[in-house]
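One letter stands for each residue in the lines below.
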Amino acid sequence: MLYFILRRTVFAVVLLLAVSLCTYVLFSALPSDPAALTCGKNCTTEVIERNRVRLGYDKPILEQYGLFMEGIVKGRTYGPGEAAVHCPAPALGYSFKRHQCVTALISRSLPVTISVSVGAFVLWMLLGVGLGVLAALKRGRWQDRVATGFSVIGISLPTFFVALLAVLIFTVWWPVLDFPSYTGILTNPWKWAKALVLPWSTLAVVSASTYVRMTRNGVIEVMSEEFVRLGLAKGVRRSVLIVKYVLRAALVPIVTIAGLDFAALLGGAVITESVFNLPGVGKLAIEAVVDSDLPVLVATTLVAAAFIVLANAVVDVCYGFLDPRVREG
Amino acid sequence: MTDTPLLRVRDLCVSFRTPDGVVRAVDSVSFDVHAGETVGIVGESGSGKSVTANALMRLNSGAQMSTTGSILLDGVDLGSLSEEEVRLRRGRDIAMVFQDPLSALNPFYSVGDQVAEAYRVHHPKARRPEVRDVVVESLGRVGIPEPVKRMYSFPHEFSGGMRQRIVIAMALVNSPRLLIADEPTTALDVTVQAQILELIQRIQQESGTAVLLITHDLGVIAETTERVIVMYGGRVVEEASVESVFEQPTHPYTLGLLGSVRSLDSAGRGSLRAIPGSPPSLIHLPAGCAFRPRCRFELGEGSLCGSSVPTLSVVGRGKSACHLDVAERERLITAVDG
């Protein structure tokens, strides 16, 4: 098992390096000249060239990538002398649009995204798995119809629509909530939760739908397994049977997908953050696209990719714990 | 053998409602199993063997299912008990071994845990060391080598035969009075089959557990059982001691079954004789005798065979359900053999 975890970790690190290289090269290949984007319309060639040298864009791509990686480990100083800007490690670049270190931008928006993601994840797993199990156990009855109906609606509605609808209903028609404005959890936990209720619910409704179906089908499938029947024949209580035999087996594949979905969310819930005006990674990325803020774009992409790779590794290790048959592999 | 049987089944009917119609999987089945006895139920697929077995433990499920008749275990009608009372009897009084040991064990728990669970369900107050001893002992009894070490292994780390042994260990951990083995050897290699049958027999002799062995394999029946119940189309067509069934079958279907088995010492019987046709659909059972369309001795149009369902009647040392009269049956059967 230890070997399995070790091997998986090494693989994850290698994968991350590859992803970072691809991302960096890909964005450098964009036709827009990053140096030209550093100053406004009234720019002279000298300024552009000066900025090019200062930000390191005059060097070959691979050397740039090397500097970038070095910056992540050691921190990086842009430009010489008085005008130099230092970004401490891990330095993910310097945004010439915002005149800030990218790492600072990301570390400011990441807590927001994590707040959104964790809450939504908990809510959607409870909702999705709960309704799925209920639907499977009450197969063919009204509970099943309600759960399946909910799932169809959730899958059909796009996120932005659900989000806008939620805002309309809960802040305009039936004003129980103010329009969300984000407050840090440490500043005021009550306000924090109140601002996030709508984004959480929106994401939960949209994402839980898939989980209702997956759980329902998984549970129904496992219920017909021979080992469940044998458990029953042993005299195991039905409630114990459902948790220990059925859920245990049905949740293994769900954990895999849930891990990846959660990671994707951590990379930025772009639409939800935009609609609810939450200053998270997703919103940062969108603004970076609009502004052609290349360093921020590279960094947000990398962060999102890192979460996915990390989640993949965690899921694989979890899988080993959950399913004894995978351990040897 | 005592006078009151351990298990008394009377007029057991199990039917399922399907979109195509009602399936009478088991129809008016009656039989007894006495304490310590080994009884075989034999028949083709779809003859109602497994449904009968599951009905004995009230394991058939589904809203579309209905069960009538009585199943008396020690004089108590299982049908009249609550779900909880039945649960307490499952695994304690009646235990079950399934056909496919590959899928019958829970892949997520070690085999020791699973045997322990079977014990704990009926001994909720048992302490850890006691349960451990019971697990080691019962795994050792069914021939798992190094049970102390192997109890921590998972099902996928065992071969098919070993897994079936574990299932048997699990079934026997509470010393049940009746063991229902539903095709326990069908999914196994021939050599392993013999070992498992030997194990079941040995345990039956050691512990005095009655065994109800369900199979489609007459060889298995001949080796292990004392009494045989032959099922066809959801009904019992013949019931007799194993000797008389093999030497003097009194139902054309049993004769057909025997004819379709290759046996070394039956040189005089010629080659394999398959029963023509295929088992009937349980939704559209033929009128009268269910076996009539495939029967070589059918009495012809307008006879009883086509109009009424034969009932079990005493013939020689056993019972069979056929419209041919006894003397006629014996004559025809000998004629075919010769």
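In its Subcellular location (unreviewed entry) section, UniProt records this for chain B: "Cell membrane".

Database annotation for chain A, UniProt heading Subcellular location (unreviewed entry): "Cell membrane".

A separate point is the overall build of chain A. Regarding its fold elements, chain A presents 12 helices and four strands. Its C-alpha atoms give chain A principal-axis dimensions of about 80 × 55 × 35 Å. When burial is assessed residue by residue, chain A has 39% of its 329 residues classed as buried. Of all intrachain contacts in chain A linking residues separated by at least 6 positions in sequence, the fraction that spans at least 24 positions is 65%.

Our next topic: the confidence of the model for chain B. Mean pLDDT for chain B: 85, with 93% of residues reaching 70 or above. At the level of individual helices and strands, chain B shows its lowest average pLDDT in helix α13 (residues 326–337) of chain B, which scores 67, and its highest in helix α4 (residues 111–122) of chain B, which scores 94.

Another point: the sheet that holds strand β1 (residues 7–18) of chain B. Consider a sheet: its strands pair through backbone hydrogen bonds, and that pairing is either parallel or antiparallel. Residue and element names in this part refer to chain B. Taken in spatial order, the four strands of this open sheet run β2-β1-β4-β5, and their pairing is antiparallel. With partners counted over all chains shown, the strands left at the sheet margins are β2 (21–33) and β5 (76–77), one partner each. Bridge analysis of strand β4 (residues 65–73) against β5 gives two bridges, and the strand direction is antiparallel. If you follow L72 over to β5, its bridge partner there is D77. Contacts from helix α1 (residues 49–56) reach β1, β2 and β4 within the one sheet, and its direction differs from that of β2 by about 65 degrees.

Here we take up the pairing of strand β7 (residues 178–182) of chain B. All names here are of chain B. Counting buried positions along β7 gives five out of five residues, so the element sits mostly inside the fold. The sheet contact formed by strand β6 (residues 94–97) and β7 spans four bridges and is parallel. Note on β7: the bridge partner recorded for I94 is L178. As paired elements, β7 and strand β8 (residues 210–215) share five bridges and run parallel to each other. Bridge assignment links L178 to a residue of β8, and that residue is A210. Regarding the hand of the β-α-β motif, the stretch spanning β7, helix α8 (residues 190–207) and β8 is right-handed.

Take the sheet that holds β6 of chain B next. All names here are of chain B. Strands sit in the order β6-β7-β8-β3-β9-β10-β12-β11 across an open sheet of eight strands; the sheet is mixed. For this open sheet the edge positions go to β6 and β11 (313–315), each flanked by a neighbour on one side alone. On average, each strand axis in the sheet is tilted by 25 degrees relative to the strand beside it, whichever way the strands run.

This paragraph deals with the environment of A187 of chain B. Residue and element names in this part refer to chain B. Along the chain, A187 falls in the loop between β7 and α8. Residues A187 and E301, spaced 114 residues apart in sequence, show a C-alpha to C-alpha distance of 42 Å. When neighbours within four sequence positions are excluded, A187 is seen to be in contact with Q99, D100, P101, L102 and G160.

Right, let's get into the domain arrangement of chain A. Residue and element names in this part refer to chain A. Its domain assignment divides chain A into domain 1 (12–102) and domain 2 (108–327). Each of domain 1 and domain 2 has a C-alpha centre, and the two are 35 Å apart. With 17 residues of domain 1 at the interface, the matching set in domain 2 holds 16 residues. When contributions to the side of domain 1 that touches domain 2 are tallied by element, the ones reaching two or more residues are α1 (2–28) and β3 (94–95). Looking at the side of domain 1 that touches domain 2, the element that brings in the most residues is α1, giving eight residues. Class assignment of the residues belonging to the side of domain 1 that touches domain 2 gives a composition of 11 nonpolar, five polar and one charged.

Definitions and cut-offs
Residues numbered from 1 in each chain as written. Chains lettered and ligands numbered in written order. Predicted model: local features only at pLDDT ≥ 70, side-chain atom pairs only at ≥ 80, totals over all residues. UniProt positions renumbered as here; feature names shortened; annotations may be inferred. Helix = DSSP H or I, 4+ residues; strand = E, 2+ residues; numbered from the N terminus. Buried ≥ 20, exposed ≤ 12 C-beta atoms within 10 Å, placed from the backbone. Contact = placed C-beta atoms within 7 Å. pLDDT = per-residue confidence, 0-100. Pairing = 2+ DSSP bridges. Axes fitted to C-alpha atoms, helices over the stretch in contact; angles between N-to-C directions. Right-handed = clockwise from strand over helix to strand, strands pointing away. Domains from an automatic or database assignment. Nonpolar A, V, L, I, M, F, W, Y, C, P; charged D, E, K, R; others polar.

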